[in-house]
Amino acid sequence: MALKDKTPEPALGIIGGTGIEELAGFELQQRLQPKTPFGAISGSILLGTLHGVDVALLNRHGLLKGEAGQHIPPHAVNYRANIWALAQLSVKRVLALNAVGGISSNWPPGQLGLPHDLIDYSHGRAHSYFDPDSALGYHHHVEMSEPFSADLGQLIAAAAQAANVSLQTSGVVAVTQGPRLETPAEIKRLEQDGCDLVGMTSMPEAALAAELQLQYSSLAFSVNWAAGKAPDAQQGIHDEIAATIEHCQTQLSQLLAQLVKRL
Ligand code: HPA
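The text that follows walks through the structure, step by step, so that each part is easy to find. (Residues numbered from 1 in each chain as written. Predicted model: local features only at pLDDT ≥ 70, side-chain atom pairs only at ≥ 80, totals over all residues. Heavy atoms only, no water.)

A word on the layout of surface pockets
Stage number 1. Its boundaries defined by the atoms lining it, the largest pocket holds a volume of some 490 Å³.
Stage number 2. Only β7 (93-102), β12 (197-199), β13 (215-225) and α5 (237-261) provide two or more residues apiece to the lining of the largest pocket.
Stage number 3. With four residues, the single largest contributor to the lining of the largest pocket is β7.
Stage number 4. Looking at the lining of the largest pocket residue by residue, the class counts come to 13 nonpolar, eleven polar and two charged. (1 Å grid on protein atoms, 1.4 Å probe; cavity = no way out; pocket = protein on both sides within 12 Å on 5 of 7 lines; lining within 4 Å. Points joined across faces, edges and corners; volume = space filled by probe spheres on them. Helix = DSSP H or I, 4+ residues; strand = E, 2+ residues; numbered from the N terminus. Nonpolar A, V, L, I, M, F, W, Y, C, P; charged D, E, K, R; others polar.)

Put into structure tokens, the structure is as follows:
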């Protein structure tokens, strides 16, 4: 394996997002900055152990503690490089952590959950490995009938139960372009489309993982009500996020400690 020294294959790749600058219980062994045919990844991949289990940790915004680079906004993330680099480390399962806004009443701020489907509203992102001039060339129409792995989802649900963490087990996530937040009318439209939550980063990540045949799940955590959905309209979205994020971090840590035991 060219990218890393003699460390074992990670049992899980974890892609952190907003609010995930470190993970409780993670012990660093090696910091990698691999080059890929698609360019540079976001910051570094940290190889190490999470509660004794080998994992590879990356933050798609380059936000891991100790990273020198700038915050990479959702539309500028090099999703192809990130997923490619994880696959090169022989990662087979990828857990994506996604801060989201809640649209449906069952995704209030502080709620963790597993979206089961998505609608992609993003645009202009390099979203496939199968370009004629890419390293892979054109391959096939990748299936997206299960964009988030049900098998990995089951392990996450069992971990949540063991950790006593409340978890929604379904939801349709709208993936918007960002980096701005949505207008209330846009959220109303997403709701009419059948979306329960809204984030900016699940695509093209999920499709790229599918192209490389990785098991990919999103563990989403609602950090705010989507625009126009807050019962208390006095509180701004950023205040809501600040008030919620620590709670989500704690719940995620407890869940992850149980999840790695089940891999
Ligand atoms: N919209 C889109 N993405 C988000 C939000 C939101 O309200 N909150 C966190 N990520």
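Brief notes about the environment of G17
Stage number 1. By secondary structure assignment, the location of G17 is in the loop between β1 (12-16) and β2 (26-32).
Stage number 2. We classify G17 as buried; its relative accessible area is 0%.
Stage number 3. Apart from the residues within four sequence positions on either side, G17 is in contact with N59, R60, H61 and L97. (Buried < 20%, exposed > 50% of the residue type's maximum accessible area, 1.4 Å probe, protein only. Contact = heavy atoms within 4.5 Å.)

Quick word on the nonpolar core
Stage number 1. Counting residues in hydrophobic clusters, the biggest one holds 37 residues, and the most contacted among them are I45, L86 and Y129.
Stage number 2. Elements that contribute at least two residues to this core include exactly β5 (45-50), β6 (53-59), α1 (79-88), β7, β11 (172-175), α4 (205-211) and β13.
Stage number 3. The greatest single-element share of this core, amounting to six residues, is contributed by α1.
Stage number 4. Not counting chain neighbours up to four residues away, the residues in contact with L86 comprise I15, I45, A56, L58, V91 and V94. (Core = buried A, V, L, I, M, F, W, Y, C linked by side-chain atoms within 4.5 Å.)

Description of helix α2 (residues 150-163)
Stage number 1. A rise of 1.5 Å per residue sets the reference length of α2, with its 14 residues, at 20 Å; its end C-alpha atoms lie 20 Å apart and thus fit the reference within 8%.
Stage number 2. Residues of α2 that are buried include every one of L152, G153, I156, A159, A160 and A163, and no others. An end-on view of α2 places all buried positions within 120° of arc, on one side of the element. Facing away from the buried side of α2, by more than 90 degrees, are the exposed residues D151, Q154 and Q161.
Stage number 3. Structurally, α2 contributes buried residues whose contacts are with β7, β10 (167-168), β13 and α5.
Stage number 4. With a side-chain oxygen positioned 3.3 Å from the backbone nitrogen of D151, the residue opening α2 is S149.
Stage number 5. Phi turns positive one or two residues past the end of α2, at N164, with a value near 60°. (Expected span 1.5 Å × (residues − 1). Arc of directions from axis to C-beta. Polar contact = N/O pair within 3.5 Å; in protein donor to acceptor, adjacent residues only side chain to side chain.)

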